[in-house]
Every structure is written in structure tokens, then in C-alpha cells.
Amino acid sequence: MKQSKFIISADQDADPESGPAEEGEEAGPDAELRDLVMGPAQHGERLDRALAALVPEFSRSYLQQLIDAGAVTVNGVVARKPATRLKAGDRGVVELRPTPQSQAFKPELMAIDAVFEDEHLMVINKPAGLVVHPAPGNWSGTLLNGLLARDAAAQAMPRAGIVHRLDKDTSGLMVVARTRATMDALVQAIAAREVSRQYVALAHRPWTGPAGRQVESPIGRDPRNRLRMAVVDLERNAGKTASTGFTLLANAVDGCWVRCTLQTGRTHQIRVHMASIGHPLVADELYGGLPAAGMQRQALHAELLAFTHPATGKPLVFHSPLAADMAHALQHWRIPFADASTR
């Protein structure tokens, strides 16, 4: 077994619940072999509890996984039972393998559609299906990984310069900073509502009432399902104010085509607000939508992004052509539309 070192500090951004490498693998070049000597406090103690006390930067659950994978020895013998009782003077070796999260911020080559780029910032047309930032279940293959590979300056930037996000299955425009000064300015501009972000969405059920509607409903974690967001009562649940403007573009027999303008930027804001007024997005199953018109992902596209360039002061306006699957869905429902790039 290799004895290369990977020094793991107590404040490392690690995912203690992620599984270790497959049983039987050698310690990789990023593994640390930690030598341990059991003292009086560990005499008669279970192996997993002793490790949790001696290697406090990882959870007991993760250390139990290492035991199961054969990554822990006691007195030179692989210990495979977390309940193994120890004695003072026992010598242990634990192979601390890097977790997926600790390896997430690595460059990965990928195609990135940059519609504008200068030394200060870049505007990207993100395809549906691309995760923006590493998270549980998606520790690699994200836009952040691609930015780190594309731009050396991104490696010195928090979150590789990402100042706002789109959901994995939302397509369209994003702005990414290439300098820290630009990043700070863009974050402030978004907070001050000085960045215009418009989306188009295909939703279930025909629109009724006035063509324009403003929804002012707070959004927080759904108290009945922590995996999604919901409109909440701020007197009873944690959340933040949220404001979205909706304009009907066209109606169909089975649904409606709507422009959505964000005044705030809450998680899943458009999806939650549309569902709250009885128009869940097509194929957005998390919020009550169903696949329809050929759509297999939430029918949401970030079509317009407008802001003042933080360095030059020049007004910038970008339009993104409608994603092909949404264009096909509109044709299926016989809804006429104009390509954003021609407006």
C-alpha cells in the first residue's frame, strides 16, 4: 500500500457522508495514512468511536464506511467490524481517502458557449442538463469545473466567478465574472435589482384574467418536503420575500406561454410562483408539472440578460435563442413565437 500524504485540516470542505473508494483499492496519491496509538481513553472502546475521537475532522458514519472498505488496520490486521473492542497500546492505521467534495473543484475540459467575453466578464448560454456548481450527486462535470479549465483566472476567484445560477434543467443566459472587482460589482448590482433577467416558460392550463400579473409571495423550504421550496408564511416558517412579474405571450388549449421577470432571485422562484398560481411548468414534476408536448425537463429558458458593464459603464443586452426542445413544444401546441435573437 502506498503511503503518500494528503494533509486534511479540520476546516476542510469535505463531505463526511460520501463513500470511500472501492474495497481492495490501494491508497491513491491523494490518500493519507494516519498512524494512531490507543491510549487509556480508548481502552475497551469500540473502534468506530475511538476513530471518531482521534480523527475528529470526519464523521463517525464516514469512518465506519472506511472500516467496511478495509481501510483500517489494528496491530497490522485489517479490522472490518466497527464494534471491535480496543486496548490501550493498540496501534492502528487508517487510510483517509479524499471525499468527492474535497476533489470537486478541479478543472474539466468542456464546451462552453460564450456569447460575450472580455477581460472582466463572460456571458454564457447554458444548455439544459448542465449543473452550475458542485453539490451532492454532482461533484464533477459542472459549469464550475469547465470554467476552471477554460480560464486560468477563474482558479483565483470564489466559485470560479459564478455570481448567480440557473437550475440544472433551465437553459439560457448567465454572467460570470473574470476579476474579483467585477464579481463584487455584479453581486451588488443583482442585489440592487439592477440586472434585468427575463425568462420564458411553458406552463399547464390556459391563462385567465389580466395578461400581466405580479406575484409577491415569500419563498422558503417547504415544511412538508425539505427537498423543495414553497410559498411560505413568514410568521410561521423561515423564508425570504420574492417578487416575479408574469406576462402572457400566448394561450393554447392545454397551457400558456409566459414571460417571467425576476425582481428577486430565490431558489426555484419562477417554478414555485407559477405553481402557486395554478400554472406549474410543463415537465416540472417537483412542483406539480407533467411531461407534455415532448418536454422532458422543466420548460424554462433564460432568454434575456441586461446590465451595465461594471468596468466600462456600457449598457449590455443579450438575447438567447429558444432551446430546441422548447421550440418544438411550442410548435406541438401551435403557439407562435419569435426567436429572442431577432427581437
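We now turn to the structure provided with this report. Note that the structure is predicted; figures quoted are calculated from it, not measured.

Attention now moves to the overall build of the protein chain. A tally of helices and strands in the protein chain yields six helices and 15 strands. Counting all 343 residues of the protein chain, 47% fall into the buried class. A separation threshold of at least 6 residues defines the contact pool for the protein chain, and within that pool the share at least 24 residues apart is 65%. Summing over all exposed atoms, the protein chain offers an accessible surface of approximately 16,700 Å²; the carbon and sulfur share of this is 50%.

Moving on, we get to the packing of aromatic side chains. One pass over the full model with this rule turns up two aromatic pairs. Measuring from centroid to centroid gives 5.5 Å for Phe116 and Phe318, while their planes differ by 50 degrees, and the two rings are tilted. Placement of Phe116 in strand S5 (residues 114-117) and of Phe318 in strand S15 (residues 315-319) is noted, with a sequence separation of 202 residues between them. Residue classification places Phe318 among the buried residues on the basis of a relative accessible area of 10%. For the pair Phe307 and Phe318, a centre-to-centre distance of 6.3 Å together with 35 degrees between the ring planes defines the contact as tilted. With Phe307 in strand S14 (residues 300-308) and Phe318 in strand S15, the pair connects residues that are 11 residues apart, well separated along the chain. The two residues Phe307 and Phe318 agree in class, both being buried. Three or more aromatic residues link up through ring pairs in this structure, and these residues are Phe116, Phe307 and Phe318.

Quick look at the layout of surface pockets now. Space inside the largest pocket adds up to approximately 1,200 Å³. Around the largest pocket, the lining is made up of 41 residues, and of these Arg165, Leu166, Asp167, Thr267 and His268 lie nearest the centre. The class makeup of the residues in the lining of the largest pocket is 16 nonpolar, 12 polar and 13 charged. The space that makes up the second largest pocket amounts to roughly 150 Å³. Asp222, Arg224, Arg228, Ala230 and Val231 are the residues nearest the centre of the second largest pocket, which is lined by 13 residues in total. The residue inventory of the lining of the second largest pocket, partitioned by class, reads eight nonpolar, two polar and three charged.

Moving on, we come to helix H1 (residues 47-54). Of all the residues in H1, the buried ones are Leu47, Asp48, Ala50 and Leu51. What you see down the axis of H1 is that its buried residues fit within an arc of 160 degrees, all on one side. Packed against the buried residues of H1 are strand S1 (32-37), helix H2 (60-68) and strand S2 (72-74).

Quick look at the nonpolar core now. For soluble globular proteins, nonpolar side chains are generally found buried alongside one another. Counting residues in hydrophobic clusters, the biggest one holds 31 residues, and the most contacted among them are Leu143, Leu147, Tyr199, Phe246, Ile270 and Met274. Mapped by element, the contributors of at least two residues to this core are strand S6 (121-126), helix H3 (143-150), strand S7 (171-177), strand S8 (196-204), strand S13 (255-262), helix H5 (269-276) and S14. In this view, Ile270 contacts Tyr199, Thr244, Phe246, Cys260, Leu262 and Leu300; residues no more than four positions away in its chain are not counted.

What follows covers the environment of Thr73. Topologically, Thr73 is positioned in strand S2. Measuring from C-alpha to C-alpha, the distance between Thr73 and Gly92 comes to 5.5 Å, with 19 residues separating the pair along the chain. Filtering out sequence-adjacent residues up to four positions away, Thr73 remains in contact with Val78, Ala79, Arg91, Gly92 and Val93.

As a further point, take the side chain of Arg271. Here Arg271 is to be found in helix H5. For Arg271, a relative accessible area of 7% translates into the label buried. Leave out the neighbours within four places in its chain, and Arg271 touches Asp167, Leu281, Asp284, Leu286, Tyr287, Gln298 and Leu300.

Definitions and cut-offs
Residues numbered from 1 in each chain as written. Predicted model: local features only at pLDDT ≥ 70, side-chain atom pairs only at ≥ 80, totals over all residues. Heavy atoms only, no water. Helix = DSSP H or I, 4+ residues; strand = E, 2+ residues; numbered from the N terminus. Buried < 20%, exposed > 50% of the residue type's maximum accessible area, 1.4 Å probe, protein only. Contact = heavy atoms within 4.5 Å. Areas by Shrake-Rupley, 256 points an atom, 1.4 Å probe, with all protein chains shown as cover. Phe/Tyr/Trp six-rings, centres within 6.5 Å; stacked < 30°, edge-to-face > 60°. 1 Å grid on protein atoms, 1.4 Å probe; cavity = no way out; pocket = protein on both sides within 12 Å on 5 of 7 lines; lining within 4 Å. Points joined across faces, edges and corners; volume = space filled by probe spheres on them. Nonpolar A, V, L, I, M, F, W, Y, C, P; charged D, E, K, R; others polar. Arc of directions from axis to C-beta. Core = buried A, V, L, I, M, F, W, Y, C linked by side-chain atoms within 4.5 Å.

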